[in-house]
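# Coordinate inspection notes
Residue-level listing of the chains:
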Amino acid sequence: MSKSLASVYEDPSVKDFGSALRRALRIEEIQDYASLIELENAETPDDFADAIRKFLRRFESHARRMKLRRPMEESLTRLISLVDDYGVRIVRAALVSHALVKSSLAEEQEIAQVIVE
Amino acid sequence: MQYIVLKSGLEIFDVARAYGLAACLYYGAGFRAPVIIDAGTVYLLEHDAEMPKHIPEECQAGWAACFDHKHWRDVLRTYKQAQFEAKVKKARNLLSERFGTVIEQFLLDRVIANEPSKDLENNLETLSGALEPTAFKGLRAPTRGTYSENQVKVGSVDWALACLGGSLVGKYISQRTAGNKWEYYVNYWLPERVTFDGVLDLREKLRSARLSYLGAENAAAHQAVLLAKAIRRRALTELKCTDRFSEVVFFTLFQSSQQIKPSSAGHASLSHLLKLALDPKPEAENVLNIWDYLFRRGSTKGAEGLAIVVTEFVIRPNLDSYERCLKELIRYLRKGVKGEFQYDEKTLKEVMAYV
């Protein structure tokens, strides 16, 4: 269990989406807790894909306005394939874990920049 | 010399007897500590000294301090003051006056040959409910009626050793609860392989460490984290640290009317936690510090949810408890958490290894 959770957590696509989710929660103007709750409630791969789609839609509007870095397209494809391989719960836990961790220096600067503007 | 304590099935009684016998050997051999090993159906005590026959002069003060009423009050909590004092005196007299005979009957050869000492009167004593919750039956305070329950009676030597071990090693955390009543959250660490002086040292380090707890499980989980931190500190500063505990056993005593009764109990494995504690990576230290912080934060009013999820995760680390912990932590980030108590990527990976 721990091995698969740790390996999913290390996956670049999960890191990419996790970073976007973290910024969506930390930047005061966004504070996208709705996406977090939808992700937490996703039980099936369809629910999970739906939650990701909604998150991206919400994030896109803010990212365009605030010039934020968006998750890459390959990451989305990879994330969905991870769900097929490991199941929703492990991918969900790994993704939400990234939302919890301290922001990196580059991210802190990005968030600070948004606050200044 | 090797000594064994046969397990009876009463977990706390058994481990308290092992600690009690270890205390006798420790003080009897001039502070040379025995090693306590859980060997399945018995606790094996290995002692690098001749069998002591009495307490030497230089250890008399330490031995006398073992019978301090302050510590014995906890293991004999269910007795009224007069009875309590009589019980302490009885145990002290038995262990001090028949010291050599008491120890002799736990010698490995003696137990294997099944030769109980003829010099020792092994009268029956009622096991205190505060020492072993499964022995809790009915009234303990004096009443007009005469009650005697043979099923909770044990030999007086075993009883005295268990009380001694319990008073030295058992952790009893008292807390005032609703209705101005007291609750006691009790923790015993079960040894896998420990040196007795190591146990005393750890116990002393954690003697005053406590918070306002939600229950016995919460108290046990926090104390387990503190134990892991103390073992890690010791492992980092000493050349050799071989003390290993297998489990923590916990239960609650609560005040009901004039009596003390037991309630929720359980046990949790310490192997994962101690493995984490002895991991040389600095992230392991961060994990323990963050958990300690979460327990402290969870002990404040309005943050009980945090204490519940962290307790559950430390006691039962699995994907369910991990996810519940994540949910609660993310909500707490909004309320502000100091940077030093936030997970970074590497630290969180260590936590995942614990799942």
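Our subject is the structure listed above.
As a starting point, this report considers the structure included with it. The written sequence of each chain sets the order in which its residues are numbered from 1. Chain letters and ligand numbers both follow the written order, the letters beginning at A and the numbers at 1. Side-chain atom pairs in this predicted model are given and counted only at pLDDT of 80 or more, local residue features only at pLDDT of at least 70, and totals for whole chains, interfaces and linings cover all residues. To obtain the side-chain values, all non-hydrogen atoms of the structure were included, while hydrogens and water were left out.

### A few points about the overall build of chain B
Per the convention used, a helix needs a DSSP run of H or I reaching at least four residues, while a strand needs a run of E reaching at least two, with both numbered from the N terminus. The helix and strand tally for chain B stands at 14 helices and nine strands. In this setup the radius of gyration rests on C-alpha atoms only. A globule is expected at 2.2 Å times the number of residues raised to 0.38. Against the 2.2 N^0.38 benchmark of 20 Å for 355 residues, chain B shows a C-alpha radius of gyration of 21 Å, consistent with a compact globule. Projected onto the principal axes, the alpha-carbon positions of chain B cover approximately 70 × 55 × 35 Å. Summary of the burial criterion: residues with accessible area below 20% of their type's maximum are buried, those above 50% are exposed, and those between are partly exposed, where the area comes from a 1.4 Å probe applied to protein chains only. Looking at the 355 residues of chain B, the share that counts as buried comes to 55%. Pairs at least 24 apart in sequence give 70% of the contacts found in chain B among residues at least 6 apart. Computed with a 1.4 Å probe, the accessible areas rest on the Shrake-Rupley method; for each residue, only the protein chains presented here act as cover. Surface summary for chain B: the accessible area is close to 15,700 Å², and the carbon and sulfur share equals 49%. Only four residue types enter the tally: Lys and Arg on the positive side, Asp and Glu on the negative side; His and the chain ends are excluded. For charged residues, the charge sits on one atom: NZ in Lys, CZ in Arg, CG in Asp, CD in Glu. In chain B, 48 positive and 43 negative side-chain charges are present, and the distance between their average locations comes to 7 Å. Contacts are assigned to residue pairs that have any heavy atoms within 4.5 Å of one another.

### Observations concerning the packing of aromatic side chains
Residues and elements named next belong to chain B. Two rings from Phe, Tyr or Trp (for Trp, the six-membered ring) form a pair when their centres sit within 6.5 Å of each other. Planes less than 30 degrees apart are called stacked, planes more than 60 degrees apart edge-to-face, and all others tilted. Under the counting rule described, the total for this entry stands at 15 aromatic pairs over all chains. Between the aromatic rings of Phe-313 and Tyr-354, the centroid separation amounts to 5.6 Å while the plane-to-plane angle is 65°, which identifies the pairing as edge-to-face. One end of the pair, Phe-313, is in helix H12 (residues 304-315); the other, Tyr-354, is in helix H14 (residues 345-354), and 41 residues separate them in sequence. Each member of the pair, Phe-313 as well as Tyr-354, carries the same accessibility label: buried. Here the aromatic residues Tyr-26, Tyr-27, Phe-31, Trp-63, Phe-67, Trp-72, Phe-99 and Phe-196 are joined through ring pairs into a cluster of three or more. For a lysine, the NZ atom is tested; for an arginine, the CZ atom; a charge sits over a ring if that atom is within 6 Å of the ring centre and within 35 degrees of the ring normal. Note that Arg-73 overlies the ring of Phe-84, its terminal NZ or CZ placed 4.2 Å from the centroid.

### Observations concerning the interface of chain B and chain A
Of the residues lining the interface, 21 residues belong to chain B; the matching set on chain A comes to 25 residues. When the two sides are added together, the surface that chain B and chain A hide from each other amounts to roughly 2,300 Å², 64% of it contributed by carbon and sulfur. Just to be clear on terms, a salt bridge is a Lys or Arg side-chain nitrogen sitting within 4 Å of an Asp or Glu carboxyl oxygen. On the surface where chain B and chain A come into contact, there are five salt bridges. Between B:Glu345 and A:Lys15 there is a salt bridge; the shortest N-O distance is 3.9 Å. In protein, a polar contact means a hydrogen-donor-capable atom and an acceptor-capable atom, both N or O and within 3.5 Å, with residues adjacent in sequence counting only if both atoms are side-chain atoms; elsewhere, any N or O pair within 3.5 Å suffices. Along the contact surface separating chain B from chain A lie six residue pairs in polar contact (both at pLDDT 80 or more). Accessible area that two parts lose when put together, with a 1.4 Å probe and added across both, is what the buried area reports.

### Here's the deal with the pattern of salt bridges
Counted by the stated rule, this structure contains 31 salt bridges over all chains. Counted as one network, the salt bridges with shared partners bring together A:Glu43, A:Arg89, A:Arg92, B:Asp320 and B:Glu323.

### Structural notes on the pairing of strand S8 (residues 244-256) of chain B
Residue and element names in this part refer to chain B. Both strand S7 (residues 181-195) and S8 contribute to a ladder of ten bridges, which runs antiparallel. Following the sheet pairing, Leu-190 is matched in S8 by Glu-247. DSSP calls a pair of strands paired once it identifies at least 2 bridges connecting them. In terms of strand pairing, S8 meets strand S9 (residues 259-269) through ten bridges, oriented antiparallel. Bridge assignment links Gln-255 to a residue of S9, and that residue is Ile-260. A loop of two residues connects S8 with S9, the two strands running antiparallel in sequence, and Ser-257 in this loop sits at a positive phi of about 55°.

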